[in-house]
Amino acid sequence: MVLGKRLRQLREQAGVSYEDAARVIEVTPLTVRRIEKAEVGLRIPYVRELLHTYGVPAAETDDFLSMAREANKPGWWYKYRDVLPDWFSAYVSLESEATVIRLYEPHYVPGLLQTHEYAAALMHVGFPNESKEDIDRRVALRLKRQDLLAKPDSPAIWAVLDETVLRRPVGGAEVMRAQIDRLIEVLDLPKVRIQIMRFDAGAHPGAFGPFHYFRFGFSELPDVVYTENLSGAVYVDQPDDVVAYLEVLDRMSVQAEPVAKTRAILGELRKEL
């Protein structure tokens, strides 16, 4: 996405139209647009010709092509492609590159914070007709994503969880106790913040459903909001729309219990199991 936006900037600075760029690499103008929007891979011969057309010096061209080759390498999640829907692979990519992840979850513990047993219980419900091997691979993918938390440059994670998340029995009481223990454990991580939206908080602006917000360390990348449905997902990156979600998160963080109370709330809920 960063390199695609950079290509667009170079084209515009050079005064080259979509049509002219397309003629250089013998494709349609739509293909040039898709390259700039990161909707297709960066074919090195195309990129080289475009950079030459835009008047980019040889040394800068070599650096750009090196980054393009790196960007074209499959992510670590590629080996899980058999159980990773196309619409969710983008999420894993965004999650891996984000510097800030904020989210609201009204139903389940976020994937980055789930235990093995909790994740397995959810997968058995969500994919009742799949083989044990496929379920195990889905769980392995989810747990592999959690390596992100141990990275020195891990993102800041700020989650608002509805009280329902902690009261819905997933996998039974023992699984839920272990899951709450895990949430208490991650509170010690310096970049993880969890708030609980109590029932008695009443109506709140995020009640329409779960959503996740991503911010990145590249000025070329816009903030992105992810929302999910039964058969796919929507990625929102238009500034006005993203700001609307961010404002909702800010209002919810005020309405939810303070972070300082989260550990005590989790402890109370665990005792009830």
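Note that the coordinates shown come from a computational prediction; the quantities given were computed from them, not determined experimentally.

**A look at the overall build of the protein chain**
Item 1. Along the protein chain, the regular secondary structure elements total twelve helices and six strands.
Item 2. When contacts within the protein chain are restricted to residue pairs at least 6 apart in sequence, those whose partners lie at least 24 apart make up 72%.
Item 3. Carbon and sulfur atoms form 52% of the exposed surface of the protein chain, whose accessible area is close to 14700 Å².
Item 4. Each charge class in the protein chain can be summarised by its mean position, and for the 35 positive and 41 negative side chains these summaries are 2 Å apart.

**A few points about helix H11 (residues 239–255)**
Item 1. Compared with the 24 Å implied by 1.5 Å per residue over 17 residues, the 24 Å span of H11 between its first and last C-alpha is a close match.
Item 2. Residues of H11 that are buried include every one of Val 242, Tyr 245, Leu 246, Val 248, Leu 249, Met 252 and Ser 253, and no others. The buried residues of H11 occupy one face: seen down the axis, they fall within an arc of 155 degrees. Opposite the buried face of H11, by more than 90 degrees, sit the exposed residues Pro 239, Asp 240, Arg 251 and Val 254.

**So, the side chain of Arg 142**
Item 1. Mapping Arg 142 onto the fold places it in helix H8 (residues 132–145).
Item 2. The buried charged residue Arg 142 lacks any salt bridge, with Glu 228 as its nearest oppositely charged partner at 7.0 Å.
Item 3. Not counting residues within four places of it along the chain, the set of residues in contact with Arg 142 comprises Gly 111, Gln 114, Ala 119, Leu 122 and Met 123.

**Quick notes on the pattern of salt bridges**
Item 1. Taken as a whole and assessed by the stated rule, the structure comprises 19 salt bridges.
Item 2. Residues Arg 11 and Glu 36 are paired through a salt bridge, measuring 2.7 Å at the closest nitrogen-oxygen approach. Note that Arg 11 is positioned in helix H1 (residues 2–13) and Glu 36 in helix H3 (residues 29–36), a separation of 25 residues in sequence. Of the two residues, Arg 11 and Glu 36, both sit in the buried class.
Item 3. When the shortest N-O distance is used, the salt bridge between Arg 182 and Glu 185 registers 2.7 Å. Of the two residues, Arg 182 and Glu 185 both sit in helix H10 (residues 173–186), three residues apart, roughly one turn of that helix.
Item 4. In this structure Arg 182 comes out as buried when scored by relative accessible area, which is 19%.
Item 5. Residues participating in the shared-partner salt-bridge network are Glu 163, Arg 167, Arg 198, Glu 268 and Glu 272.

**Focus on the nonpolar core**
Item 1. In this structure, Leu 183, Ile 194, Phe 214 and Leu 266 are the most contacted members of the largest nonpolar core, which totals 44 residues.
Item 2. Look past the residues within four positions of Phe 214 in its chain and what remains in contact with it is Tyr 91, Leu 94, Glu 95, Ala 98, Val 100, Ile 101, Asp 223, Val 224 and Tyr 226.
Item 3. Counting residues in hydrophobic clusters, the runner-up holds 22 residues, among them Val 32, Val 47, Leu 51 and Val 56.

**Thoughts on the packing of aromatic side chains**
Item 1. Going through the model one piece at a time under the given rule, you end up with 13 aromatic pairs.
Item 2. With 5.2 Å between their ring centres and 75 degrees between their planes, Tyr 91 and Phe 214 make a pair best called edge-to-face. Of this pair, Tyr 91 sits in helix H6 (residues 86–97) while Phe 214 is found in strand S4 (residues 211–216), placing the two residues 123 residues apart along the sequence. In this structure, Tyr 91 and Phe 214 share a single accessibility class: buried.
Item 3. One aromatic cluster is present, built from ring pairs that chain together Trp 87, Phe 88, Tyr 91, Phe 214, Phe 216, Tyr 226 and Tyr 235.

Conventions adopted
Residues numbered from 1 in each chain as written. Predicted model: local features only at pLDDT ≥ 70, side-chain atom pairs only at ≥ 80, totals over all residues. Heavy atoms only, no water. Helix = DSSP H or I, 4+ residues; strand = E, 2+ residues; numbered from the N terminus. Contact = heavy atoms within 4.5 Å. Areas by Shrake-Rupley, 256 points an atom, 1.4 Å probe, with all protein chains shown as cover. Lys, Arg positive; Asp, Glu negative; His and termini not counted. Charge placed at Lys NZ, Arg CZ, Asp CG, Glu CD. Expected span 1.5 Å × (residues − 1). Buried < 20%, exposed > 50% of the residue type's maximum accessible area, 1.4 Å probe, protein only. Arc of directions from axis to C-beta. Salt bridge = Lys/Arg side-chain N within 4 Å of Asp/Glu carboxyl O. Core = buried A, V, L, I, M, F, W, Y, C linked by side-chain atoms within 4.5 Å. Phe/Tyr/Trp six-rings, centres within 6.5 Å; stacked < 30°, edge-to-face > 60°.

Nothing here speaks to function; it is all geometry.
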